[in-house]
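Read off the chains here:
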Amino acid sequence: MRRSEKKGFSGRRKGADYREDEQFILLGKNASFAVTEAYKTLRTNVMFSLPAEEDRGKLIGITSVNKGEGKSTNSINLALSIAELGKKVLYLDCDLRLSMMEKRLNLSAVQGLSNILVGLCEPEDAILPFGDTGLDIISAGEYPPNPSEILESARMRELCDMLSRKYDYIIADLPPAGVLSDALIVSKYIDGIIIVVRQEY
């Protein structure tokens, strides 16, 4: 993001520097059979690798090396696929710098993860039900000046612990690991990580 496009914490994010050629396909009636089955396979692998416990759900991070490899597409679709089984699932957008998911999912959220972490709202105030899918969402929230610091805070650790007792699975959409340190910071709180690699990138 260019310096001229940055805003203070009270401003909404503008002009995110994302590749426009990432194909965003949301699971549903418009998704092809092949896409749906691919996510079912991923869902099965994840659930057998990291089964939820009785008193604590699993927090799974999804990242990539570079921007535009499809990590956000895979994050939301994996969350939707698990929710189809009747599990309590949360999509947690941890990309506090360049997230486009609020726009892509047509969310009207004003508060999100960044607002929770600096104490501007409570977690329950930022949780949005995603239609009738059974999936809950916490968006990235407003653009903070210090994303790494607030992700590394004790409040983030406490939030992850609290959410893991409320949900069976939490899918955390992380920033690209090859570009920023944020994914490595959040990895301290998660149970497993998936790295998305774009074919012929």
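One numbering rule holds for all chains: residues counted from 1, following each sequence as written. Two thresholds apply to this predicted model, a pLDDT of at least 70 for residue-level local features and 80 or more for giving and counting side-chain atom pairs, whereas whole-chain, interface and lining totals are computed over all residues. With hydrogens and water set aside, each side-chain value is computed from the structure's full complement of heavy atoms.

## Looking at the pairing of strand S4 (residues 135–138)
For each residue, the accessible area found with a 1.4 Å probe, counting protein chains only, is set against the maximum for its type, and the residue is called buried under 20%, exposed over 50%, and partly exposed in between. Each helix is a run of H or I in the DSSP string that is no shorter than four residues. Each strand is a run of E no shorter than two, and both are numbered from the N terminus. Side chains of S4 alternate between two faces, with Leu-135 and Ile-137 and Asp-136 and Ile-138 buried alike. Strand pairing is assigned whenever DSSP identifies at least 2 bridges connecting the two strands. One ladder, built from two bridges, connects strand S3 (residues 128–129) with S4; its direction is antiparallel. When the sheet's bridge partners are listed, Leu-128 is paired in S4 with Ile-137. Hairpin geometry of S3 and S4 is characterised by an intervening segment of five residues between the two adjacent antiparallel strands and by a positive phi of about 60° at Gly-131.

## Quick notes on the pattern of salt bridges
Where charged atoms from two side chains of opposite charge come close, those side chains can pair. Salt bridge, as used here, is a side-chain nitrogen of Lys or Arg placed within 4 Å of a carboxyl oxygen of Asp or Glu. Counting across every chain of the model gives eight salt bridges. Close ionic contact of Glu-37 with Lys-40 constitutes a salt bridge, the shortest N to O distance being 3.5 Å. Pair noted here: Glu-37 and Lys-40 are both in helix H1 (residues 33–49), with a separation of three residues, about one helical turn. Residue class for Glu-37 comes out partly exposed when judged on its relative accessible area of 30%. Under the relative-accessibility criterion, Lys-40 is labelled partly exposed at 29%. The partner of Arg-43 in a salt bridge is Glu-84, with the nearest N and O atoms 3.8 Å apart.

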